[in-house]
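The primary structure of each chain is shown beneath.
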Amino acid sequence: MNNFNFIAPFYDRLARLVFGSSIEDATNFYLGEIKENSDVLFLGGGTGRVLLAMPVCKSITYLEKSGRMILRAKTKKVDARIEFVEDDFLKFHSQRSYDIVICPFFLDCFNDEHLANAIGQINTLVKKDGKLLVTDFQSTNGNWLIRFMHLFFRAFASLESKKLKNIHHFILQNRFETEKEEFFHKNMIFSRVYRNL
Ligand SMILES: C[S@@+](CC[C@H](N)C(=O)[O-])C[C@H]1O[C@@H](n2cnc3c(N)ncnc32)[C@H](O)[C@@H]1O
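Quantities reported herein were computed from a predicted structural model and do not represent experimental measurements.

*Asks:* Would you mind showing me how to read the pairing of strand β3 (residues 81–86) here?
*Replies:* The side chains of a regular strand alternate between the sheet's two faces. Sheet topology note: the strand β2 (residues 59–64)/β3 ladder contains six bridges and is parallel. Across the sheet, the residue bridging to T61 is E83, located in β3. Running through helix α3 (residues 67–73), the crossover from β2 to the neighbouring parallel element β3 is right-handed.

*Asks:* Help me understand the environment of I100 in this model?
*Replies:* Among the structural elements, I100 can be located in strand β4 (residues 98–104). Spatially, the C-alpha atoms of I100 and A118 are 15 Å apart, while their sequence positions differ by 18 residues. If we skip the residues at most four places from it in the chain, I100 touches E33, I34, S38, D39, V40, L41, K131 and L133.

*Asks:* Quick question: what am I supposed to make of the sheet that holds β3 here?
*Replies:* One key point about sheets: their strands pair by backbone hydrogen bonds, in either a parallel or an antiparallel sense. A sheet is described by the order of its strands in space; here seven strands give the open sequence β3-β2-β1-β4-β5-β7-β6, paired in mixed fashion. Across the chains shown, the open sheet's two edge strands, defined by having one partner strand only, are β3 and β6 (176–184). Here the strands of the sheet are splayed against their neighbours by 15° on average, with no regard to which way each runs. Where β4 lies against strand β5 (residues 126–137), six bridges are found, and the strand directions are parallel.

*Asks:* How should the environment of E64 be read in this particular structure?
*Replies:* Structurally, the position occupied by E64 is in strand β2. By relative accessible area, which is 8% here, E64 ends up buried. Taking the C-alpha atoms as reference, E64 lies 22 Å from K165; in sequence the two are 101 residues apart. With residues up to four places along the chain from it excluded, the contact list for E64 reads G44, G45, G46, M69, I70, V85, E86 and D87. At 3.0 Å, the side chain of E64 forms a polar contact with the backbone nitrogen of G46. In this structure the side chain of E64 is engaged in a polar contact, spanning 2.8 Å, whose partner is the backbone nitrogen of S66.

The rules we used
Residues numbered from 1 in each chain as written. Predicted model: local features only at pLDDT ≥ 70, side-chain atom pairs only at ≥ 80, totals over all residues. Heavy atoms only, no water. Pairing = 2+ DSSP bridges. Helix = DSSP H or I, 4+ residues; strand = E, 2+ residues; numbered from the N terminus. Right-handed = clockwise from strand over helix to strand, strands pointing away. Contact = heavy atoms within 4.5 Å. Axes fitted to C-alpha atoms, helices over the stretch in contact; angles between N-to-C directions. Buried < 20%, exposed > 50% of the residue type's maximum accessible area, 1.4 Å probe, protein only. Polar contact = N/O pair within 3.5 Å; in protein donor to acceptor, adjacent residues only side chain to side chain.

Pasting the structure below:
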């Protein structure tokens, strides 16, 4: 499930075609939270477009399941020590903890059970008082567009998720509190900073 290899070469163009600059604007909106001494973990960062907007930081761990997405991300220049990890996050183990974990349109890939597992696991990887930055889709009147995207990615990327979920609700159940939030594309997209309690 969730195999983005086939779609990797045209993913960014497709996202821009459907959502204009909103995906990029929303993903980049809170990157200012990253400080020079931050250890950052990216989950499902895709082609690494977001790396181009990164402020200086101490280290980046870039975890991605798709090898073809990682190949593209490796071509992006960043001002930090960066480690690329090709792995399924649901099987990922690490002794490290991070100041900031960033999930750009990553959590909506999972079904309910795996979403709960993923957020529980993220909680163990974020330092106390560390931040979780999430950008993703949320339910609005424009749901048909998101439903179409789900159908499309189920067909071309074996997307595991069958429907849009209330990701915010799942996160609040896992010892995170909201610090900041902003909405994009007629409220179809949210970007939030959560603090690990
Ligand atoms: C919808 S795409 C978003 C890509 C990028 N963050 C963006 O916003 O353009 C989801 C990404 O999450 C990755 N992904 C999905 N399930 C994963 C998993 N279990 N472990 C690691 N990465 C995963 C996919 O390979 C894909 O690159």
